[in-house]
Structures are given as structure tokens and as C-alpha cells.
Amino acid sequence: MLLLIGALLAPTVAGAQVPPKDAEPVTREANERVAHELPLGDRADFDDATYGFIGSIPDAEVLGAGSKVVWSMKPFEFLKGDAPSTVNPSLWRHAELNKIHGLFKVTGRVYQVRELDAANMTIIEGDTSLIVIDTLFTTETARAALDLYYKYRPRKPVGTLIYSHSHVDHFGGAKGIVSEEDAASGKVKVLAPAGFMETAVAENVVAGNAMSRRSLYQFGGILPPGPRGFVDVGGGKSIPRGTITLLPPTEVITQSTDRRIDGVDLVFQLVPGAEAPAEMQIYLPQFGVLDAAELVMHSMHNLYAIRGAEIRDPSLWSRYLSNALEKFGNAKYLISQHQWPFRGNENVVTVLKQQRDMYKFINDQTLRYINLGYTPLEIAERLKLPDSLSHEFWNRGYYGTLNTNVKAVYQKYMGWFDGNPANLNPLPPVEAGRKAVEYMGGADAAITRAREDFKKGNYRWVASVMSQVVFADPTNRAARELGADALEQMGYQSESTIWRNAFLVGASELRNDVPKLPSFASLNPETLKAVTTDQYFDYLGVRLNADKAVGKHIEINWNFTDQKRLYILTLENSALTFVTGRSSPTANVSMTLARSTLDSITLKKTTFADAVKSGDITVEGDFSKVSELMGLLDTFNPSFEIVEPKKS
């Protein structure tokens, strides 16, 4: 998530907003059934979530520059009492649990700061220093978390920083607690799993603009907190609005291994390719604590993130949990870098077994149905977890969902095509919408029939049909309103935070304007340093407008003095490719510069022309070819349309 967060955090919507509506009778009845089907009065999770509480910050409020609110629980004061009809009761319970914040003692010398950010900070007291696992999302929340710890515990310096995995909510706050100088000098060790730096950025670079836009749906960035709006993000309460940094590791853990750090024994178990491309679990044998990173949490996890991401492997995920059970099955506490711990060996063993079996069940049973000839939509509709798994709150779909995860497994093995030739080359949405509306007898006839289905609670069908009408004619207000109404009711019924957020954001955008988002290209210096030059040139290739590039042939030599690396960048056949390690004698132009100069140009602090004038870039050959190439690159619209046709 490293590069998509900027757009998520700063959307603006112009004009007066159409307010959300109340729950329909069908939605009220559906949510009442949930309230009776689940033991919502069970307080065991609340006991675990509050166990070891030491203290917190009033309202968990963290301020940044200019008294900007980076994080606060004030907007979530509405989360108390019985669930309103506009929120699934199971989700309401989960959102209440994710509201519990502060510093907690897990056991012995192990502490956690929870819900001062989307993730947890785990702090282990060494003999003379602190070992910190994960630094939260932003520098502001990381600093506040450490200050909260110091308010109640001895002020030992941070001696070791450990990244559990390569997602930004676990490393973005690094420079809030450790300086670059202390890491570079060796005063503070920074440990990370193999592949951390490569994957911390690579997962979201080339498709970053699209992921940034879609993350608004997954995380509900434009929804105001409230019973008819935003209540949670599943793994935590919300997303902080602060400063993201990245401190490179000083040491990479390349294999599962044991270490002793300042009097504390740590057992690192590498678990790449499941929840994250680079990840490790950590066992603390002296304290009987297993830190499962993000492989275990109080929810089913995502095998596919609807913001966009590579499919995760549930079979591998299951195997890692099986190994953890074998190696660390005597643990008395199971913590993760989200949410609250599991306490007691019996509970630890139970959840490890259940989530091991849950991911294997999803993998194997989806494949069974695939081999029986079923399509992804059919499997997602048919497959249900066995009662022995589905009745436990920690296996419920607050973050990942069984429906989405089934489709992820299908895509992993079979791709997007469901096998039906009619679906091999269907019409795109606008053309399909127009023909569908024509077959329905026109928009008015379709809307009339859809209103009747809406009254019956057939919200999924109404949303689908009204989407076709909107794509046929995006100015049809009746279709937009009815489609929004259907999505809204689906959101109110959803147990999944992600589904609720997506449905409600879609409803808002049908009723109101698309929010204006900052450009994906406006990276900050911290994150840009993590983008390799190979990744940078790959991204230029993604931005190349192939139509404008027809018939053009440009070759540029790049000599990066600070990296001591040579590149040949070639435009030919409307494709941009590069070769490393040498220069071309036939290049149109050769440029010598520092990578930091290229970063300044990317950040719009200077231009190629100004850098040449200042001497930061030395040029041999036809410099106009550089300007010509840059003129062929698209600037992506960060606010492109999703629930209606593209306007350009």
C-alpha cells in the first residue's frame, strides 16, 4: 500500500452532498436475524481486548503539524449500545472491539500499543534497550505510541527495530522512533524479512493510480463516520492521515533462525508468499508469545484485496500455520500486528488449527468445485464454511470474505475466464448497458420493474440492472438514485467492512460527484527513495501513450553517478524498454546525472531543462529527444469514474 495511500487520505468532494437513507424493512429483518444467529453477548473477546490495559491518550487523539488531527477515536463515539438497523450487528460488535485503544501488557516484558493506528506496535523490553516490532503507519502515530509507552515504563532507548512484513502500515512510521543516522551508524539495528525492500514498493508501483482510486472503496475514505457511514476497516479502526517514511533494514533475515538480542530470545519463521510477499512470524520462548504478524487475526483475511493486489496462496498460508503449530504449539499467547491477543494455550492451539483448516478448506473446496465444472460466481454462491469454523468470531468475514476468497482461488488456478464462450469476448459496459436497456424495453420500463424488486429486497439484482442503465445513460438520475439505494442497503447488511465501505462509497458516487483526489505522481521523498530505477523506468513504460508513439524511435543513455549504473532506454514499436549495465553508441542522447536529480524532477522540484542549465545533468547529443519522450507520457486521472462510464 505504500504509494496509494496519499490519494486515499485527502479526497475532497465539491458541492452539497445527498445524505444517506435509512434501512429498509428487508435490511432490518436481515440484520435482526444475524443478531439472533450469533452469540453477540459473548464478552470473551472484550475481556481479551482489555486485558493488561495500562493507559492511553484521551480519545486516542494524535496531532501532527499545525494541530492537524492524524488519528482520533472521537468520531467513533457513536459505537456503543445495540447495533442500529443500518449496521450488521456482527460488524458492529467487531467495530466496538477495534475501538479499544492504549498501552497493554501482554505478559512478562512484552507490551503492545493498539488502536493508535491501523496496526499495532509491539514493544519487548531487553536488558538495556527496547526491541520494537513494527512502527505503525505514520511518524506521528509511531511517536505517540512510543511516548505513551514511556509514560508508564522505563525510558530505555530503542536498540532494535523489526519489520514483520512489507505492508506500509507496519513500517511507515519508522522515522518517528528511529533516526536515519542511528540506523546508518549501527546504533539501532533494523531487521526485516528477505525481500522486504523489493516488495515494500513493487506491489503497487505500476498499477498505483488504479489501486489508489480503488482503495477509496476498500477503506471508505470519503465516508463520514456514523451508523449510516464508516464504522471500521476490519483489521483496525481507520487509516491515519500523517507522514509516511521508510527506513531501509540494516540486516535482512534470509532464513528461519534463532537470535538472542539484548537478553531476549527470538525465533524468526519466514512466511513469504501468503499474506505478504515478504513476512515473518516471531516466537518469544522466554515469554511463551507467538507474534503471528498478520497470518492470524480476529477475522478471515483477504486472499485478494479489492483495491487490487496479487492473489495470495491459501494452501501455503495453511502450511505456515501448520508449521507454527508444530514448532510453537506450546505458546501461551498469540499476538498479531493487528487487533487484540489470544490468551491461554488452549485458545492459541484452537485458533491456529481453525485458521489453518479454514484457509485449506477454501483452497481445496474451491478446487473441488472447479474440477466439477462450476464457475467462480457459482462456487462463491454455494460454498459455505462448516459450522465448526463459521460460528467462531475469529473466522468471520470482517476483513476478507469467503465469497471474495473463493473467486481469488479460482483466479489463481484458472484466470479470469469462466469457460463459457459467451463470456470470452463480451461487450464492454457502455455498449452492453445500451443493448440491455434496449432489450428491457427502455430505461423507464427497467426502472419501474427494478423498483418492484427493490421493495422485495432483491438489492443485488437491482444494483446490477441499474448499473446497466447508468452505463447506457449516466445522466439518468432515477437510475442513479435507485442503484445507490440498492448498494446502500447491501452495505447496511454487510458483515465485511470492505464490502460495506465499497457499497456505500459506490452509492455516494452515484448520488454525488466523484471525489477529487491528489495525483498519484505526487510521491514524497521518503517513498520515492524506495523505488528502484528499474521500477521507475517500468512505470514510464506504463505511462507511454502508444498511439502518440506510433512510428517513433528514441534511444537514451542514462548514467547515474551515485548508483554507478548505466541504462539504455529505448522507445520502439510503441513500447518502452531498457537495458542495464551498458550504453549504446547509437543513442540519440546521453545524460549523466544523480538518481537524486531524477527524483527532484519527479517531485516537480525542478525540470529536465532546469537541471541541464544548473549543471546537475550533463548532456551529449540531441536533448530534444528527452522532451519528446516525456511528451508521450500520459498523466493519469486519479479520480477516474468507477460506477459510471469514463468521461474521457
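The paragraphs below set out a description of the structure included in this document. (Residues numbered from 1 in each chain as written. Predicted model: local features only at pLDDT ≥ 70, side-chain atom pairs only at ≥ 80, totals over all residues. Heavy atoms only, no water.)

Regarding the sheet that holds strand E15 (residues 333-335)
So the rule is basically this: Here, strands pair whenever DSSP counts at least two bridges between them. Only runs of H or I of at least four residues qualify as helices and only runs of E of at least two qualify as strands under DSSP, and these elements are numbered from the N terminus.
The sheet built from six strands is open, its strands ordered E11-E12-E13-E14-E15-E16 with mixed pairing. Of all the strands in the sheet, just strand E11 (257-261) and strand E16 (342-343) have a single pairing partner and so form its edges. Relative to E15, strand E14 (residues 289-291) runs parallel, the two being bridged by three bridges. Following the sheet pairing, Val 289 is matched in E15 by Tyr 333.

Structural notes on the sheet that holds strand E1 (residues 53-55)
The following threshold applies: What counts as an axis is a line fitted to C-alpha atoms, over the stretch in contact for a helix, and the angles between N-to-C directions run from 0 to 180 degrees. Residue contacts are defined here by distance: any two heavy atoms, one from each residue, within 4.5 Å place the two residues in contact.
In spatial order, the strands read E1-E4-E5-E6-E7-E8-E9-E10; together these eight strands make up an open sheet with mixed pairing. Strand pairing shows two members of the sheet lacking a second neighbour, E1 and strand E10 (251-253), which therefore form its edges. Between one strand axis and the next, the sheet turns through 25 degrees on average, direction left out of account. With five bridges joining them, strand E4 (residues 102-107) and strand E5 (residues 110-114) adopt antiparallel strand pairing. By the bridge assignment, Thr 107 is partnered in E5 with Val 110. Its contacts with the sheet put helix H5 (residues 139-152) on E1, E4, E5, strand E6 (121-125), strand E7 (130-133) and strand E8 (158-162), and the angle it makes with E6 is roughly 40 degrees.

Examining empty space enclosed by the protein
How we decide: Buriedness of a pocket was judged along seven lines, with at least five required to meet protein on both sides within 12 Å; pockets are open sets of points on a 1 Å grid over the protein atoms alone, cavities are sets where a 1.4 Å probe fits but cannot get out, and lining residues have an atom within 4 Å of a point. Grid points are joined across faces, edges and corners, and a volume is the space filled by probe spheres set on the points. Residue classes follow a fixed rule: Ala, Val, Leu, Ile, Met, Phe, Trp, Tyr, Cys and Pro count as nonpolar, while Asp, Glu, Lys and Arg count as charged, and any other residue, Gly among them, counts as polar.
All told, the structure shown has four cavities of 30 Å³ or more when counted by the stated rule. The space that makes up the second largest cavity amounts to roughly 40 Å³. What lines the second largest cavity is simply Ala 49, Leu 97, Asn 98, Ile 100, Arg 114, Glu 115, Gln 339 and Trp 340. Looking at the lining of the second largest cavity, its residues break down into four nonpolar, two polar and two charged.

Brief notes about the pattern of salt bridges
Quick reminder of the rule: Here, a salt bridge means any side-chain nitrogen of Lys or Arg that lies within 4 Å of a carboxyl oxygen of Asp or Glu. Residue exposure (1.4 Å probe, protein chains only): buried if accessible area is under 20% of the type maximum, exposed if over 50%, otherwise partly exposed.
Per the counting criterion, the structure on display carries 29 salt bridges. A salt bridge links Glu 125 to Arg 153; its shortest N-O distance comes to 2.8 Å. Of this pair, Glu 125 sits in strand E6 while Arg 153 sits in the loop between H5 and E8, and the two are 28 residues apart along the sequence. For Glu 125, a relative accessible area of 5% puts it in the buried group. Here Arg 213 and Glu 509 are joined by a salt bridge, their closest N and O atoms 2.7 Å apart. Here Glu 509 lies in helix H18 (residues 497-511) and Arg 213 lies in helix H8 (residues 208-219), a separation of 296 residues in the sequence. The class for Arg 213 is buried, based on a relative accessible area of 0%. A single salt-bridge network, built from bridges that share partners, covers Lys 21, Arg 477, Glu 481, Asp 485, Glu 488 and Arg 511.

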